[in-house]
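# Survey of secondary and tertiary structure
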Amino acid sequence: RGLPIVAMTCGMGHIGGRSISNLAKEFRHQISNGDAGINKTDYTIEEVARLAHKFFSERYNGANEAPAKGDYMEFWIGGYGSSNTHGEIWRNVIADGVSLEPENLVSEDARQGVFWGGQGQAISRLLLGLDPAFVGAMTEAGIKPELAQELYGVARNKLEAKLLDATMPTIDAIRMAEFLVDTTKGYFALAFGSDIVGGATDTATVTKWEGFKWINRKHFYPEHLNRKDHDHVC
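Let me sum up the structure you'll find in this document.

The subject of this paragraph is the side chain of Asn84. Relative to the assigned elements, Asn84 resides in the loop between β4 (72–79) and β5 (88–95). A relative accessible area of 8% means that Asn84 is categorised as buried. A polar contact of 3.1 Å, which involves the side chain of Asn84, links it to the side chain of Glu88.

So this is what it looks like as C-alpha cells:
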C-alpha cells in the first residue's frame, strides 16, 4: 500500500481451498509488514516479483502432494521500483504443477506494449491479426511446425495493429484497456459454449507520481454503509 505497484491474476482461482484474492492480500501484508518485507525507499519490481514467486510456489507445493497436470495460474506484478523512470511488468506462471521463473515483459529498455492473460483469442485476433491457434491449424493441415511458426511470425508482423504509443495520454490508455476488455466479453458472450468471460470490470492505473489509482471498482457491500472501509472487493 502507498507504493506504485499493482498485481493481477488469471487461471486458477484458488490454491488449497484459499482464493487467489485471499492469498494475494496475505502476500501484500507479508511484504508490507512481515519478515519478507521490502524496503519502501529502496526496492525493485523484480524483487517484488521474486517474492511473489516464492510465496505462491510455497503455497502451491504445500497444498499439493504431487504436481497436478493441467493446473495453470498467472500472477502479474507491475509498477515502478524506487529508482525507476519507466514502469516494469513481471509475470509469474504455475503450469502443470511447475512454478516457472519470473518473466520480465516490460523493462526500462523496452518501455511499451500491450500484454494480456487468460482468454486472449479476441484480443489476439484484433491486435495481432490472427488467432494463436494458427500454428496448430497449419500443422494439422500438413505444414511442418517450423514453417507454420515462420508463417505465423510473418503474418503477425504484417497484420499487427499498433494501438499503443508510449506518449499517449493516460486517459487514452484507460479507454484502450476498457475497449479490449469489453471486446473480449462481447466475443465470449456470443461465442458457442459457456460464458467464460464477463461481469463487472475493475480498472486501475499505476503512474510514477500518482501511484496506484482506481478507475472502476466493484464492491460486494454498500459503500454508503462502509464509508471508511476501502479494502474489500469481490
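Below, the discussion takes up the nonpolar core. Among the nonpolar cores identified, the biggest contains 23 residues, and Ile15, Val48, Phe56, Met73 and Ile77 are the most heavily contacted of them. Counting only elements with at least two residues in this core, the list comes to α1 (20–33), α2 (45–63), β4 and β5. In this structure, Ile77 is in contact with Ile5, Val6, Ala7, Ile45, Val48, Ala49, Ala52, Glu88, Ile89 and Trp90, ignoring residues within four places of it in sequence. Judged by nonpolar contacts, the second largest core, of 6 residues, contains Val135, Ala148, Tyr152 and Ala155.

A word on a nonpolar patch on the surface. On the surface, a cluster of nonpolar side chains totalling about 260 Å² of accessible area is made up of Leu126, Leu163 and Phe179. Relative to the helices and strands, Leu163 is located in the loop between α5 (145–159) and α6 (170–190). Residue Leu163 is classed as partly exposed on the basis of its relative accessible area, which comes to 41%.

On to the pattern of salt bridges, then. One pass over the structure, following the stated rule, counts 14 salt bridges. When the shortest N-O distance is used, the salt bridge between Glu101 and Arg50 registers 2.9 Å. Note that Glu101 is positioned in the loop between β6 (98–99) and β7 (103–106) and Arg50 in helix α2, a separation of 51 residues in sequence. The exposed category is assigned to Glu101, whose relative accessible area is 53%. The exposure class of Arg50 is partly exposed, given its relative accessible area of 35%. Between Asp131 and Arg125 there is a salt bridge, with the nearest N and O atoms lying 3.0 Å from each other. For Asp131, a relative accessible area of 15% translates into the label buried.

Conventions adopted
- Residues numbered from 1 in each chain as written.
- Predicted model: local features only at pLDDT ≥ 70, side-chain atom pairs only at ≥ 80, totals over all residues.
- Heavy atoms only, no water.
- Helix = DSSP H or I, 4+ residues; strand = E, 2+ residues; numbered from the N terminus.
- Buried < 20%, exposed > 50% of the residue type's maximum accessible area, 1.4 Å probe, protein only.
- Polar contact = N/O pair within 3.5 Å; in protein donor to acceptor, adjacent residues only side chain to side chain.
- Core = buried A, V, L, I, M, F, W, Y, C linked by side-chain atoms within 4.5 Å.
- Contact = heavy atoms within 4.5 Å.
- Patch = residues over 30% accessible without salt bridge, like charges linked within 9 Å, V, L, I, M, F, W, Y side chains within 5 Å.
- Areas by Shrake-Rupley, 256 points an atom, 1.4 Å probe, with all protein chains shown as cover.
- Salt bridge = Lys/Arg side-chain N within 4 Å of Asp/Glu carboxyl O.

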